[in-house]
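Here are the chains, one letter per residue:
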Amino acid sequence: DRCFWLRTIFRGLSACMVILAGAGISWGTDAIPVQKSGKAVSLVFDISYSMEAHDAPGGISRLNAAAIYAKALLAHFNGTKVSVVLAKGDGVVSVPLTDDYNCVETLIENLSPKLMTAAGTSLGKGIKAAVSSFPEQSSEASYILLFTDCEETDSALQSSLAESSRYGIPVIVIGFGSERESEILTGDGQTKVKTALRTSEIEKII
């Protein structure tokens, strides 16, 4: 009769629920720690005109000093994947993540403000471009090295450092130049400005 069939159906459903519960099936999300293996580094070069001031050790330009230092670091990376970002008035990923160090060295040896037409200095946009150079689901530990004299014109560095921190990507700032002001020509070839390594300003931002 009808009652018999209803009891049979509900007993069957109950048995299915017990089996599913025993199988440990669940819905929802859970945070699972992931052990990252390998490393990836983004080299961010400030190529603004202030980096052409010749106040680095030996009387070379800040940009040349940054290139020499970066090449020395590269020799110790041992298989670490590297991307290169150029920062001026904008930030551009010039070399995506690669283990082809010859390609990276070629760009480093030819760093110049003339590689970008954007005016000003936006270190923040350089950091954001570096963050974008890392795959979202990467299993590698990511780092950003910023080579700069710490002068910026758009005050975007602080927010970009905070954004990088949220992604768990440390930023190492490597400063070049003298804290004593030097006079340089801007991109128009006529205007002269004072420039120096702004250590105290970068420390406040950090």
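*Asks:* How do you make sense of the overall build of the protein chain when you look at a structure like this?
*Replies:* The helix and strand tally for the protein chain stands at six helices and seven strands. Ordered by position from the N terminus, the helices and strands of the protein chain form the series α-β-α-β-β-α-α-β-α-β-β-β-α. Residues classed as buried in the protein chain amount to 39% of the 206 residues present. Sequence separation of at least 24 residues holds for 73% of the intrachain contacts in the protein chain that already meet a minimum separation of 6.

*Asks:* How should I be thinking about helix α2 (residues 62-74) in this particular structure?
*Replies:* Quick reminder: α-helices carry 3.6 residues per turn. Residues three or four places apart thus point the same way. Here α2 contains 13 residues, and its C-alpha end-to-end distance of 18 Å stays within 8% of the 18 Å for a straight helix at 1.5 Å per residue. All of the buried residues in α2 are Arg62, Leu63, Ala65, Ala66, Ala67, Ala70 and Leu74. Against β1 (39-46), β2 (81-87), α3 (101-108), β4 (141-148) and β7 (192-195) lie the buried residues of α2.

*Asks:* Got a minute to help me understand unusual backbone geometry in this structure?
*Replies:* Even without glycine at this site, Asn78 takes up a positive phi of about 50°. For Asn78, the position within the fold is in the loop between α2 and β2. You will see that Cys150, though not glycine, has its phi angle at about 75°, which is positive. With respect to the helices and strands, the residue Cys150 is situated in the loop between β4 and α5 (157-166).

*Asks:* Explain the nonpolar core to me, please; I cannot follow it from the model alone.
*Replies:* The nonpolar side chains of soluble globular proteins are, as a tendency, buried together. Judged by nonpolar contacts, the single largest core of 27 residues is most densely connected at Leu43, Phe45, Phe77, Val104, Ile108, Leu111 and Phe147. The dominant element in this core, judged by the number of residues it contributes, is α2, at six residues. Not counting residues up to four positions away in its chain, the partners in contact with Ile108 are Leu43, Phe45, Ala67, Ala70 and Lys71.

The rules behind each value
- Residues numbered from 1 in each chain as written.
- Predicted model: local features only at pLDDT ≥ 70, side-chain atom pairs only at ≥ 80, totals over all residues.
- Heavy atoms only, no water.
- Helix = DSSP H or I, 4+ residues; strand = E, 2+ residues; numbered from the N terminus.
- Buried < 20%, exposed > 50% of the residue type's maximum accessible area, 1.4 Å probe, protein only.
- Contact = heavy atoms within 4.5 Å.
- Expected span 1.5 Å × (residues − 1).
- Core = buried A, V, L, I, M, F, W, Y, C linked by side-chain atoms within 4.5 Å.

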